[in-house]
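Given next are the chains, with one letter for each unit.
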Amino acid sequence: MQSAGESRNQANLTTKTGHFDEVYYHVLKPRCADGPCHGGSFEPSFTSISSAYYTLVYHPPIKNDLAQTYRYRVAPYSIDSSLLMTRIQECCFNDTMDQMPLLMTPLNAEEIDMIGSWITNGARDWNGQTPTLPNE
């Protein structure tokens, strides 16, 4: 018998509310939170939905491109300004170890579209709230 979390992870990716819980449970948790990567060893941490959200949205990157183009890992409403989109779509923006998930099968078009739609629609949290720009 499957737990509620297991059945949720296997739900149809095309069901989109634009809330972060879909991105987290359908893509980040099953594809990125395992092992030494984003399982709590370093940021962004995908060990919980809140740690994933708050280490992505309006959070500065640790590894940027050579031109230091990206201010945030996820910039709400802008996939072009969101480092996350570049990291999941491109192999070599700095070196050959840049595409996420690292050393695994790249995300498919539907998974990438889900993340892109979430960002384009304001990177809303799991309650549907849009983030506010942090104090800097």
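Residues numbered from 1 in each chain as written. Predicted model: local features only at pLDDT ≥ 70, side-chain atom pairs only at ≥ 80, totals over all residues. Heavy atoms only, no water.

All right, on to the overall build of the chain then. When helices and strands are tallied, the chain shows five helices and zero strands. Going from the N terminus to the C terminus, the chain shows its helices and strands as α-α-α-α-α. Classification of the 136 residues of the chain by burial places 43% in the buried group. (Helix = DSSP H or I, 4+ residues; strand = E, 2+ residues; numbered from the N terminus. Buried < 20%, exposed > 50% of the residue type's maximum accessible area, 1.4 Å probe, protein only.)

Low-confidence regions, as indicated by low pLDDT, have predicted coordinates that should not be scrutinised in detail. Looking at the chain as a whole, its pLDDT mean stands at 78, while 71% of the residues score no less than 70. The secondary structure element of the chain with the lowest average pLDDT is helix α1 (residues 4-9), at 33, and the one with the highest is helix α5 (residues 109-120), at 93. (pLDDT = per-residue confidence, 0-100.)

Position of G18 relative to the elements: it lies in the loop between α1 and α2 (20-32). Separated by 98 residues in sequence, G18 and G116 place their C-alpha atoms 9.7 Å apart. Setting aside residues no more than four positions away along its own chain, G18 makes contact with W118 and R124. (Contact = heavy atoms within 4.5 Å.)

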